[in-house]
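Remarks on the overall topology
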Amino acid sequence: MQLTALPAGAFTDVPAHLVVTDPDVLEGYRTDRALGAGGMPVAVVRAETTAHVQAVLRAAGRHGLPVVTRGAGTGLSGGSSAVDGCVVLTTERMKDVRIDVGARLAVAQPGALNAAVKQAAAAEGLWYPPDPSSYEISSIGGNVATNAGGLCCVKYGVTADYVRGLEVVLADGTAVRVGGRTVKDVAGLSLTQLFVGSEGVLGVITEVTLRLIAPPAPAHTVVAVFPTVAAAVDAVLGITRTLRPSLLELMDRASIRAVDDMTAMGLDRDAGAMLLAQSDQPGAGGELEAGVITAACEAAGATEVFGTSDAEEGALFLAARRAALPAVERLGAVLLEDVGVPLPHLPALFAGIEQIAEHTGCLIPVVAHAGDGNVHPFFVHDAADPASVAAAETAFGQVIELALGLGGTLTGEHGIGRIKAPWLAAQLGPDVMALSRRIKHALDPEGILNPGAVLG
Ligand SMILES: Cc1cc2nc3c(=O)[nH]c(=O)nc-3n(C[C@H](O)[C@H](O)[C@H](O)COP(=O)(O)OP(=O)(O)OC[C@H]3O[C@@H](n4cnc5c(N)ncnc54)[C@H](O)[C@@H]3O)c2cc1C
């Protein structure tokens, strides 16, 4: 039965000042950045400790209350959007970060921002690589729960590659520690990785232990403009055949123009596509790789190639790429896609997206973590016009089908959340869906954790 108010005395074990039921405040916790209509929670609990999280889950279990765990709410798939009658359990006050220099580890509470982990590591001469474009605004717990990717994945991997251990509170309130602090550890099942990317449906992550590495050398940046997206994709294939850049990002004409409109950076507005590549090889290796990247761009038909080893100049171009989503959001409401394909199928994916844009009449600017085959088409629409919304939704579904048909995935990094749950079975098939449901049932038999997300 769905509740419209918190049962009296439900959270007696949680300090009262952490439990919020003011409707004006609840309103701000209804949706993540996927927007859409989130449900109405009956309460928000601002947990400060693992014990608070345990108390919330025990009480939720007793009262049959759904629990939606929320980090910073920057998710793009509706995973932290509320459902009617739920408790939103926010980790926004769990922000501690400690660095163990000797073991090269960061131990963080889940609500710490990715940027705070990076800063704490940098203060000790260490580096935490994963860098979603949202690194300044997303939480490390949310990053782990979505297995966030980012711009440096092409060389350094995704969040999962840095998670050594976790503390997780299970649906029944038990707090377990999985993984640990050692470089190598094969004791028992790989439960740590089971929780990475589990989007709040298997447990609440209350502490993360992260591997840190030595910082990279200053990067050499290459920026190339192409007459067409197809030529830029050719360059991506040429570059990745020979080396492993530390960054390889693509923006198409519509996204270049949107960013230039917002930032007045003086980007080439007539380019069909722009490629940003970096090499962080130390010493002469960086120059050498930048040269190989430049040659590959020229061979693919770049009309202009610009290189710099000036860190500030390089950072400016990256800022342009990171600004893509807010810039496109100025054009209208945005439904954001996150498909991935094996690299050789990138040309077919881009060509297919262009056709889908033509057929549906939907404006679809595209940016891509091109070196990973991870592509973000933005379906721009007028949220007040049903025909425009329908065109965006049709295009969204068609791009997913296109990617799956090319042997790809419906999400490379944003997760399934709620908005992609209807398509998950098409990728996983009935047996893996059934296995996933058995795992969910074993950990959360009453189904209180993030109902409707991921498995539908
Ligand atoms: C401008 C912009 C750029 C972005 N760029 C990228 C990018 O480059 N790469 C990328 O991967 N993503 C990107 N994202 C998406 C988003 O920032 C990531 O998915 C991020 O990891 C979400 O973190 P969050 O703290 O906001 O999580 P939330 O949105 O709060 O939650 C995301 C999911 O994780 C679950 N969750 C959160 N915390 C916990 C926890 N402690 N325990 C269990 N479950 C939990 C939630 O229930 C939900 O299912 C971008 C978003 C924006 C707005």
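You'll find the structure just up there.
Only a predicted model underlies this, so the values are computations on that prediction, with no experimental measurement involved. (Residues numbered from 1 in each chain as written. Predicted model: local features only at pLDDT ≥ 70, side-chain atom pairs only at ≥ 80, totals over all residues. Heavy atoms only, no water.)

Observations concerning the overall build of the protein
Scanning the protein from terminus to terminus reveals 14 helices and 17 strands. In terms of overall dimensions, the protein has a C-alpha envelope of 70 × 60 × 45 Å along the principal axes. Per-residue burial for the protein yields a buried fraction of 54% across its 456 residues. Counting only contacts in the protein whose residues sit at least 6 apart along the sequence, the fraction spanning at least 24 positions is 71%. If the 30 positive side-chain charges of the protein are averaged to one point and the 48 negative ones to another, these points end up 7 Å apart. (Helix = DSSP H or I, 4+ residues; strand = E, 2+ residues; numbered from the N terminus. Buried < 20%, exposed > 50% of the residue type's maximum accessible area, 1.4 Å probe, protein only. Contact = heavy atoms within 4.5 Å. Lys, Arg positive; Asp, Glu negative; His and termini not counted. Charge placed at Lys NZ, Arg CZ, Asp CG, Glu CD.)

Describing helix α14 (residues 421–443)
Compared with an ideal rise of 1.5 Å per residue, which puts 23 residues at 33 Å, α14 spans 19 Å between its outermost C-alpha atoms and falls more than 12% short. Along α14, the sharpest change in direction is near 110 degrees and occurs at G429; proline P430 comes one to four residues later. Those residues of α14 lying buried are A421, L424, G429, M433 and K440. (Expected span 1.5 Å × (residues − 1). Bend = angle between axes of the 7 residues up to and from the residue.)

Structural notes on the packing of aromatic side chains
Here a ring pair, both rings aromatic, is described through the centre-centre distance and the interplanar angle of the planes. Throughout the structure, instances matching the rule amount to 5 aromatic pairs. Summarising the aromatic geometry, the rings of F379 and F396 are spaced 5.9 Å apart at their centres and angled 75 degrees between planes, so their arrangement reads as edge-to-face. Of the two residues, F379 sits in strand β17 (residues 374–381) while F396 sits in helix α13 (residues 386–405), which places them 17 residues apart along the sequence. An identical accessibility class is assigned to F379 and F396; each is buried. By the ring-pair criterion, three or more aromatic residues cluster together here, those being F379, F396 and W423. Over the face of the ring belonging to Y135 we find K118, whose NZ or CZ atom lies 5.9 Å from the ring centre. (Phe/Tyr/Trp six-rings, centres within 6.5 Å; stacked < 30°, edge-to-face > 60°. Lys NZ or Arg CZ within 6 Å of the ring centre and 35° of its normal.)

A word on the site of the ligand
In the vicinity of the ligand there are 35 residues, among which T69, G71, T74, S134 and S139 approach most closely. Here G71 contributes a backbone N or O atom positioned 2.7 Å from an oxygen atom of the ligand. At a separation of 2.9 Å, an oxygen atom of the ligand approaches a polar side-chain atom of T146. Out of a free accessible area of 970 Å², the ligand has 97% covered by protein chains. Top contributing element to the shell around the ligand by residue count: helix α4 (residues 140–146), with 5 residues. Grouping the amino acids of the shell around the ligand by side-chain chemistry returns 9 nonpolar, 22 polar and 4 charged. (Near = heavy atom within 4 Å. Polar contact = N/O pair within 3.5 Å; in protein donor to acceptor, adjacent residues only side chain to side chain. Areas by Shrake-Rupley, 256 points an atom, 1.4 Å probe, with all protein chains shown as cover. Nonpolar A, V, L, I, M, F, W, Y, C, P; charged D, E, K, R; others polar.)

Function cannot be read off these values alone, since they describe shape.
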